[in-house]
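Architecture and fold: a report
Residues per chain are reported as follows:
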Amino acid sequence: LPAADAPLEGRARRDERYPVHVTADREQTLAHVQAQLGDATHAAVVADETAHDLYGAEVVRALRGAGADVEVHVVPAGEATKDLEQAVALWHGLAAGPIGRRDLVVALGGGVVCDLGGWVASAYMRGIPYVNLPTTLLAQVDGALGGKVAVNHRLAKNLLGAFHQPKAVIADVSYLASLERRHLSAGIAECVKKAVIASPDYWAFIDARARDLVDRRDPAALHALVRAAAAIKTALIERDPYEIDLRRPLNFGHTIGHPLETVTGYGPLLHGEAVAFGMVAETRIAAARGLCEPALLDALIDLLQRLSLPATAADLRRAPRGADLVAAMEKVRLIRAGSLRFVLPVALGETLIADDVTDGEVTRALQACGLDGW
């Protein structure tokens, strides 16, 4: 034993791995879902109304076909569902049924359901397994990956949450056939983000295949888009899966994008739309500092607009007052250990993370994007 006045030491290690299956075949997808049951005898499917109506019956049949007793919890679609009240309702629902510590939650839907279902799974019985079955592009390329699970608070997006890795992610691009064009574009915003911070080759692919992805919905192009996004994100988060270091390139576009969602009320803007606007504003800061060439800013704006994503305030479905957006960013400052860290692009695949960006720089960038109300 250590000396009487020396502290003892508690130790804990986590090495968590999970498969990410990218498929384009419904039968294969459902076989992967069945395989994740393992020894579980019960499963709870948490689905939004849209995903449940389209795909819920076949997922339930697959789980029951593998021998599981299945219960279904349907929540309203949309970002407003991702709140504490809905999480509490789901915990009550699970507690009233037979779901136990070794059973399975299947999150069927977009990023809202993956976040909500994952957080519910993280806290129920101190954590039960869950599988993400994302049905939107945004969830397939970003929200379903990484184990960051949370709900929103009126003061800040994702304020209440945890890190709880999924047992598996199963992304079927055939689900994207039912997606509205606007939601498809919003998903690609997160792909553009990954291209800027990590991969010139991925940028070139998106730039060349923009029409194939958004207008033609080419299955092969979408499969390549999702698989590459998953490869990039899993490689980046492996370096720091629990965000001990808050200086993360994956936050590009989010330092402004998240507060933009908050100040507009979690609804008028899709997450990808807010991130797109945030990327432009943050790249304007980088260009004003001389960190990147103006050509990079021009190329980013051009690509986003070809993808029908907002690059200016005029493109936003609801544009806040500039002063209100800056005020909302102050809550992010508290969450991120007292400083706002901006991911500033230097070139495709290269970024600099700055925590010394001034309010004046932010204001000038937002004004250049067309925001008024100062």
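Once that is clear, we can look at the pattern of salt bridges. Summed over the entire model, instances satisfying the criterion amount to 24 salt bridges. For Lys 233, the salt bridge goes to Asp 142, with nearest N and O atoms at 3.2 Å. Of this pair, Lys 233 sits in helix H8 (residues 219–238) while Asp 142 sits in helix H5 (residues 137–143), placing them 91 residues apart in sequence. Assigned by exposure class, Lys 233 and Asp 142 land together as buried. Put simply, Asp 212 and Arg 216 hold a salt bridge, and the shortest N to O gap is 2.5 Å. What makes Asp 212 buried here is its relative accessible area of 17%. Each member of the salt-bridge network shares a partner with another, and the members are Glu 79, Lys 82, Asp 115, Lys 157 and Glu 261.

Here we come to the packing of aromatic side chains. A full pass over the atoms with the stated rule returns 4 aromatic pairs. Ring centres of Phe 163 and Tyr 242 lie 5.5 Å apart, and the angle between their planes is 80°; this geometry places the pair in the edge-to-face category. Here Phe 163, found in strand E7 (residues 156–163), pairs with Tyr 242, found in the loop between H8 and helix H9 (254–263); they are 79 residues apart in sequence, far enough to count as distant. By relative accessible area, which is 29% here, Phe 163 ends up partly exposed.

Take the packing of helix H3 (residues 84–95) against helix H4 (residues 111–123) next. Following both chains from N to C, one finds H3 and H4 inclined at 55°, their axes separated by 10 Å at the closest point. Looking at the two axes, H3 sits oblique to H4. Here H3 runs over H4; the crossing is right-handed. Residues Leu 84, Gln 86, Ala 87, Leu 90, Trp 91 and Leu 94 of H3 form the contact with H4, whose participating residues are Leu 116, Trp 119, Val 120 and Ala 123.

Next up on the list: H9. With 9 of 10 residues buried, H9 lies mostly within the body of the structure. Of all the positions in H9, only His 254, Thr 255, Ile 256, Gly 257, His 258, Pro 259, Leu 260, Glu 261 and Thr 262 are classed as buried. Looking one or two residues beyond H9, the residue adopting positive phi is Gly 265, at roughly 90°.

Let us now look at the packing of helix H7 (residues 200–214) against H8. Two elements in contact, H7 and H8, have axes separated by 10 Å at closest approach and are oriented at 150°. It follows that H7 is roughly antiparallel to H8 by the angle criterion. Our pair here, H7 against H8, has a crossing hand that is left-handed. Seen from H7, the contacting residues are Tyr 202, Phe 205, Ile 206, Arg 209, Asp 212 and Leu 213; seen from H8, they are Ala 221, Leu 222, Ala 224, Leu 225, Ala 228, Ala 229 and Ile 232. Across the contact of H7 with H8, the residue classes tally to 11 nonpolar, no polar and 2 charged.

We now examine the nonpolar core. Within the largest apolar cluster, 77 residues are counted, with the highest numbers of intra-cluster contacts made by Ile 188, Val 192 and Ile 206. Beyond its immediate stretch of four places on either side in the chain, Val 192 contacts Trp 203, Ile 206, Met 279, Leu 300, Leu 303, Leu 304 and Leu 307. The next biggest cluster of nonpolar side chains, apart from the first, holds 23 residues, and it includes Val 33, Ala 62, Leu 108 and Val 131.

Rules used throughout
- Residues numbered from 1 in each chain as written.
- Predicted model: local features only at pLDDT ≥ 70, side-chain atom pairs only at ≥ 80, totals over all residues.
- Heavy atoms only, no water.
- Salt bridge = Lys/Arg side-chain N within 4 Å of Asp/Glu carboxyl O.
- Helix = DSSP H or I, 4+ residues; strand = E, 2+ residues; numbered from the N terminus.
- Buried < 20%, exposed > 50% of the residue type's maximum accessible area, 1.4 Å probe, protein only.
- Phe/Tyr/Trp six-rings, centres within 6.5 Å; stacked < 30°, edge-to-face > 60°.
- Axes fitted to C-alpha atoms, helices over the stretch in contact; angles between N-to-C directions.
- Parallel < 35°, antiparallel > 145°, perpendicular 65-115°, else oblique.
- Left-handed = near helix turned anticlockwise from the far one by under 90°.
- Contact = heavy atoms within 4.5 Å.
- Nonpolar A, V, L, I, M, F, W, Y, C, P; charged D, E, K, R; others polar.
- Core = buried A, V, L, I, M, F, W, Y, C linked by side-chain atoms within 4.5 Å.

Don't take any of this as a statement about function, it's just geometry.
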